[in-house]
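Per-entry structural report
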Amino acid sequence: MTALPIQNWRYEAGPIRPPSEACSLLVRLTRNCPWGRCRFCISYRGAAFEARSLEDVRSDIDAMAEIARFLLEESWRIGTGGRITHEVLNAAAEAGLPTQYSYQVALFLSAAGQSAFLTDADSLSLPVGDVEAALKHLYSRFPSLRRVTTYARSMTLCKLGAENLRRLREAGLTRVHVGMESGSDAVLKEVRKGVLAKHHIAAGRAAMEAGLELSEYIMPGLGGRERSAEHAGETARVLNAINPQFIRLRTFTPLPGSALEEELAEGGFTPLDEDGVVAEIRAMIAALDGISSQVVSDHDWNLLMEVEGRIPDDKPAMLSLLDAYLSLSSENRQLFRVGRRLGILHFLADLQRPPARRAAEEAAEDLKRRFGDAEAGLRAVAPFRM
Ligand code: SF4
């Protein structure tokens, strides 16, 4: 292979990846989302879906491999012994490699070079042979890889079926991240997810049967006040029918510009407040049964980030933590929400630490002074929270 000059080491990374893929190599197979209609989503709004050519994907992978090699060589040259430090990134920038191309590869190397994530929203909608070829090339250029993951829509997994998914597993795909959001058909229809509970179940089972790890994203609060009980119960039912490795919580947030936010502003959607969301999560976790999934709370939109653990062993501890919040006085719940949303408190237990509690109380007083009451202040300074 002829080496390209450093100025030509360019690649497309795609704009979004799960929090758990922060240190993954980002390999863009497609651009945007082939569905693009979910009413809570603004991720690829107005952007047409495009499949990238295999030639372009291979060329990106080659560029990232060149960058990785160069960063490691620079590290040894300047005496950081293979560690990727700011000095290495500065040296790379001085040599003509913009940080936008070196940074993600540096993160990947810093995390032992073991994981890659295929972007954008539904990479497996490409022909299976193309994904296989991209995976093969990726592993050939990065033999240290141990985990390659991607987002996938349930409808796409259904269409592929276990047999095709097994081909992809054998080619080196290890995990799929699926935006289930809800197991309630009414909620799924309301938000135009484009799939029903039966599709989520068939898709999840196909992925598991193919030997892939499955990460299901759940959106507490998505059914609003009206559908909260159904959202919790049906989501647990669908998860129980799949038994995915991971259940990831990402609380619904009415993002500006999304269709649901507009409906909310017009009064057509009654949001759940944060206490309601906590009660809903409690109902869902209480109904998880007969599975061995890991519940993960890895998004800052969740109020109680510490609600994590394996079902069934950690279920009692998760429920008692949720109960601990729900049994607080309304003043203490509000104090926690103020502290948490303003970045003063991180965990419920922080309320018991006098310095942290005092800081939250001062912030609540300040909100009252400026906005009349802390709740109105919270809505003003943390507008995505209800
Ligand atoms: S499938 Fe995912 S990326 Fe596409 S519109 Fe829905 S939530 Fe957004």
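Higher on the page you've got the structure.
For the structure given in this document, a descriptive report is provided here.

What counts and how
- Residues numbered from 1 in each chain as written.
- Predicted model: local features only at pLDDT ≥ 70, side-chain atom pairs only at ≥ 80, totals over all residues.
- Heavy atoms only, no water.
- Salt bridge = Lys/Arg side-chain N within 4 Å of Asp/Glu carboxyl O.
- Helix = DSSP H or I, 4+ residues; strand = E, 2+ residues; numbered from the N terminus.
- Contact = heavy atoms within 4.5 Å.
- Buried < 20%, exposed > 50% of the residue type's maximum accessible area, 1.4 Å probe, protein only.
- Pairing = 2+ DSSP bridges.
- Right-handed = clockwise from strand over helix to strand, strands pointing away.
- Expected span 1.5 Å × (residues − 1).
- Axes fitted to C-alpha atoms, helices over the stretch in contact; angles between N-to-C directions.
- Parallel < 35°, antiparallel > 145°, perpendicular 65-115°, else oblique.
- Left-handed = near helix turned anticlockwise from the far one by under 90°.
- Nonpolar A, V, L, I, M, F, W, Y, C, P; charged D, E, K, R; others polar.

1. Looking at the pattern of salt bridges
One pass over the structure, following the stated rule, counts 33 salt bridges. Of the charged contacts, one joins arginine 39 and glutamate 190 as a salt bridge, the two residues approaching to 3.7 Å between their closest N and O atoms. Of this pair, arginine 39 sits in the loop between strand 2 (30–31) and strand 3 (50–51) while glutamate 190 sits in helix 6 (residues 185–190), placing them 151 residues apart in sequence. Notably, a salt bridge pairs arginine 340 with aspartate 300, separated by 3.2 Å at the nearest N-O pair. Taken together, the positions of arginine 340 in helix 12 (residues 330–341) and aspartate 300 in the loop between strand 9 (294–296) and strand 10 (309–310) put the pair 40 residues apart, joining distant regions of the chain.

2. Some points on the side chain of serine 75
Tracing the chain through its elements places serine 75 in helix 1 (residues 54–78). Among all residues touching serine 75, those that are not within four sequence positions of it are Thr80, Gly81, Gly82, Arg83, Ile84 and Val88.

3. Remarks on the pairing of strand 6 (residues 175–181)
Burial within strand 6 is extensive, with 6 of its 7 residues counted as buried. Across 3 bridges, strand 5 (residues 147–151) lies against strand 6 in parallel orientation. Bridging from a neighbouring strand, threonine 149 pairs with arginine 175 of strand 6. With respect to chirality, the unit in which strand 5 leads through helix 5 (residues 154–170) into the neighbouring parallel strand 6 is right-handed.

4. As for the sheet that holds strand 6
One open sheet holds the 8 strands; their spatial order is 1-4-5-6-7-8-9-10, and the pairing between them is mixed. Edge positions in the sheet fall to strand 1 (25–28) and strand 10, since each of these pairs with one other strand and no more. The sheet contact formed by strand 4 (residues 115–119) and strand 5 spans 4 bridges and is parallel. Following the sheet pairing, alanine 116 is matched in strand 5 by valine 148.

5. Remarks on helix 10 (residues 274–287)
Compared with an ideal rise of 1.5 Å per residue, which puts 14 residues at 20 Å, helix 10 spans 20 Å between its outermost C-alpha atoms and is within 8% of the ideal. Regarding helix 10, the residues found buried are Glu274, Asp275, Gly276, Val277, Val278, Glu280, Ile281, Met284 and Ile285. Against strand 7 (213–218), helix 8 (228–242), strand 8 (246–249), helix 11 (315–326) and helix 12 lie the buried residues of helix 10.

6. Here's the deal with the packing of helix 10 against helix 11
Taken N-terminus to C-terminus, the directions of helix 10 and helix 11 make an angle of 160 degrees; their axes are 10 Å apart at the nearest point. Classified by the angle their axes make, helix 10 and helix 11 are roughly antiparallel. Helix-helix and strand crossings are classified by hand; for helix 10 and helix 11 the assignment is left-handed. Between helix 10, through Asp275, Val278, Ala279, Ile281, Arg282, Ile285 and Ala286, and helix 11, the contact on the second element is made entirely by Lys315, Met318, Leu319, Leu322, Asp323, Tyr325 and Leu326. Looking at the contact of helix 10 with helix 11 residue by residue, the classes come out as 10 nonpolar, no polar and 4 charged.

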